[in-house]
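Remarks on the overall topology
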Amino acid sequence: MRLFWPAVLVLATSCGVGDSGLPLVTGAFGTEPAVAIPAGEPGRIPRVAVLSAGQGRRTATGDVVLADVSVRLWSDGSRQAGTYDDRQPVAAVFDGREVPATWHEALLDRPAGSRVVLVAEAAQAAGPGVPLDGVDPEAVVVVVFDVLGGYPPDARRVGKPLPTVPDGLPLDGPSTLIDGSGPEVRAGARVVVQYLAMRLPGRRIVDSSYRHGGPSAVTLAPGAAPASWVSGLVGGHVGARLALPEPGRAEGERTVYVIDILDALQPA
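Cut-offs and rules
Residues numbered from 1 in each chain as written. Predicted model: local features only at pLDDT ≥ 70, side-chain atom pairs only at ≥ 80, totals over all residues. Heavy atoms only, no water. Salt bridge = Lys/Arg side-chain N within 4 Å of Asp/Glu carboxyl O. Buried < 20%, exposed > 50% of the residue type's maximum accessible area, 1.4 Å probe, protein only. Helix = DSSP H or I, 4+ residues; strand = E, 2+ residues; numbered from the N terminus. Phe/Tyr/Trp six-rings, centres within 6.5 Å; stacked < 30°, edge-to-face > 60°. Core = buried A, V, L, I, M, F, W, Y, C linked by side-chain atoms within 4.5 Å. Contact = heavy atoms within 4.5 Å. pLDDT = per-residue confidence, 0-100.

Here's the deal with the pattern of salt bridges
Pairing between side chains of opposite charge can happen when their charged atoms approach one another. This structure, assessed with the given rule, holds ten salt bridges. The partner of Arg-79 in a salt bridge is Asp-85, with the nearest N and O atoms 4.0 Å apart. We classify Arg-79 as partly exposed; its relative accessible area is 36%. As a salt-bridge pair, Arg-115 and Asp-146 come within 2.6 Å of each other at their nearest N and O atoms. With a gap of 31 residues between them, Arg-115 in strand S8 (residues 115–121) and Asp-146 in strand S9 (residues 140–151) connect regions that are remote in the sequence.

In structure tokens form, the structure reads like this:
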């Protein structure tokens, strides 16, 4: 079983690539990039370039790789897809499932916090969460990835069992089940978590990241995450396991989230 060691990401500023006929990509890691398409034909052979290297753990085969994505058409620079507006990164599972070869080249063996650009035909560049169904398969696209990190599908608090809701848990506010030793999470942070949601009083599991294939990333901002997460995870530490109760729809009902904070991409 692979366990998780916290490795906090560091915000980086991406530099552009101005040679080799690649687009010029500018902007800060974690924000929608600006993409300037050069004159001339792009060619048909897929190309990958690292725009800026992060300082986190390198992604590896078997990981769930989380990344923000922006896709532009080479022909006119128009935006075709992206994850920055809804703050829900794609999750590519590199465990033998069908992931494009271009994504393998772009996303594996990359330190967390890296920005990578891929230039390829749409048929070769489409991937998990980026289907590009409305784009001509032979049209060349520019895909910019911000690599949030790679995590084992069962990543959780080091050495601890799968999360559960303890009997007698206080339901009037957040509880720290296991404290973390990593940095404190700040408001507006992008956090990488494993979680389960249990409905009380019946103790029925109604949601779980483990059922969805592994860790997910959320932004601690209203509308981007459950309300209890936005308030309850701020001030927690990377590596912690927290229990966050939320009122249910019916009287006397509660939903309790048990969350392992695996990583945090802090706001600038």
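Once you've had a look at it, read on.
Quick look at the packing of aromatic side chains
Following the criterion strictly, the structure yields three aromatic pairs and no others. Considering the side-chain rings of Tyr-195 and Trp-229, the 5.3 Å spacing of their centres and the 70° angle between planes classify their relative orientation as edge-to-face. Taken together, the residues Tyr-195 in strand S11 (residues 190–200) and Trp-229 in helix H3 (residues 227–232) connect sequence positions 34 residues apart. Accessibility expressed as a relative area gives 9% for Tyr-195, which makes it buried. Ring centres of Trp-229 and Tyr-257 lie 5.4 Å apart, and the angle between their planes is 85°; on these two criteria the pair is classed as edge-to-face. With Trp-229 in helix H3 and Tyr-257 in strand S15 (residues 254–265), this residue pair connects regions lying 28 residues apart in the sequence. Overall, Trp-229 belongs to the buried group, its relative accessible area being 4%. Looking at Tyr-257, the relative accessible area reads 13%, which means it is buried. Taken together through their ring pairs, the aromatic side chains of Tyr-195, Trp-229 and Tyr-257 make up a single cluster.

Section: the nonpolar core
In terms of nonpolar packing, the biggest core is built from 27 residues, with Phe-94, Trp-103, Leu-107, Leu-132, Val-141, Val-143 and Phe-145 touching the most fellow members. Elements supplying a minimum of two residues to this core: strand S5 (64–73), strand S7 (90–93), helix H1 (101–107), S8, helix H2 (122–125) and S9. Looking at this core, the element that brings in the most residues is S5, giving five residues. Contacts of Val-143, omitting those with residues within four sequence positions, involve Val-69, Ser-70, Val-71, Val-116, Val-117, Leu-118 and Ala-125. Among the nonpolar cores identified, the runner-up in size contains 20 residues, and Val-191, Val-218, Leu-233 and Val-238 belong to it.

What about the confidence of the model for the chain?
Averaged over every residue, the pLDDT of the chain is 88; residues scoring 70 or more account for 91%. Taken together, the stretch residues 1–14 has pLDDT below 50 and engages in 53 contacts with residues farther than four places along the chain or on a different chain.

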